[in-house]
Amino acid sequence: MMKIGIMGGTFNPIHNVHLLMAEEAARQFKLDEVWFMPSKNPPHKKGADIVSAAHRTRMICHAIEGNPKFVFSDLELRREGTTYTSDTLEIIEKENPDCEIYFILGGDSLREIETWHKPAFVMSHCHILAADREDETGKQLKEKAEELRKTYKAKISFITDRHFFQQTAPAAAKREVCRLPDPGCRDEIYPFSQSVWL
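As the structure is a computational prediction, the values presented were derived from the model and not from experiment. (Residues numbered from 1 in each chain as written. Predicted model: local features only at pLDDT ≥ 70, side-chain atom pairs only at ≥ 80, totals over all residues. Heavy atoms only, no water.)

1. So, helix 2 (residues 53-64)
The end-to-end C-alpha separation of helix 2 is 16 Å, in line with the 16 Å expected for 12 residues at 1.5 Å each. Here helix 2 has its buried residues at Arg-56, Met-59, Ile-60, His-62, Ala-63 and Ile-64. Where helix 2 ends, the next residue or the one after it, Gly-66, has phi of about 100°, a positive value. (Helix = DSSP H or I, 4+ residues; strand = E, 2+ residues; numbered from the N terminus. Expected span 1.5 Å × (residues − 1). Buried < 20%, exposed > 50% of the residue type's maximum accessible area, 1.4 Å probe, protein only.)

2. Points about the packing of aromatic side chains
Summed over the entire model, instances satisfying the criterion amount to three aromatic pairs. Aromatic side chains Phe-11 and Phe-36 sit 6.0 Å apart centroid to centroid with 45° between the ring planes, which places their arrangement in the tilted category. With Phe-11 in the loop between strand 1 (2-9) and helix 1 (16-29) and Phe-36 in strand 2 (residues 33-38), this pair connects stretches of sequence that are 25 residues apart. As far as the burial class goes, Phe-11 and Phe-36 line up, both buried. The rings of Phe-11, Phe-36 and Phe-70 are connected pair by pair, giving a single aromatic cluster. Above the face of the Phe-158 ring, Lys-142 is positioned so that its terminal group lies 5.2 Å from the ring centre. (Phe/Tyr/Trp six-rings, centres within 6.5 Å; stacked < 30°, edge-to-face > 60°. Lys NZ or Arg CZ within 6 Å of the ring centre and 35° of its normal.)

3. As for the pattern of salt bridges
Per the counting criterion, the structure on display carries 11 salt bridges. The salt bridge involving Asp-87 is made with Arg-79; its shortest N-O contact spans 4.0 Å. The partly exposed category is assigned to Asp-87, whose relative accessible area is 25%. On the basis of relative accessible area, Arg-79 is assigned to the buried category, the value being 14%. For the salt bridge of Asp-108 with Arg-111, the shortest nitrogen-to-oxygen distance reads 2.1 Å. One end of the pair is Asp-108 and the other is Arg-111, both in helix 4 (residues 107-112) and three residues apart, which spans about a single turn. One continuous salt-bridge network, built from bridges that share partners, spans Glu-114, Lys-144 and Glu-147. (Salt bridge = Lys/Arg side-chain N within 4 Å of Asp/Glu carboxyl O.)

See the structure below:
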């Protein structure tokens, strides 16, 4: 059975933490592919200043170029109306019945997942891979994960790696380029995103 990781979000712009999370998720959970799937109209960012889908598509494709496991998906960009994760998972399951779906997300998203549209459906139709932390926040995330497992019988695992922990400060991640041995994380990612914003 093929194992597909889904990396969602606005990618406004894509940055190093996104790439690190995808890289570590693929390595640790032996994913065959990681789909980078930008949202068109996410419910939690209505009215936000989001650059065009065309610009975000260019940034993502440039950032993931060279990594054979990274795949760009325009599934949510092609849909009209608000894009809900529950609907996305349902479509992926119908189009890929023999695949196992892993949904990659950050710690903040894990804490807020019960506020999502149809959270029970989401947690029963994918294996959640959440970014771990080594500080007090990490302890709280593990407690939240255990709560979700008991309430929803959710499958939740954590992406853990010391190099990853060192790179997950949001402000630093958007300023600095992380150099990994894999070609999926390229030196020109951030300069390219800057040029799109200008």
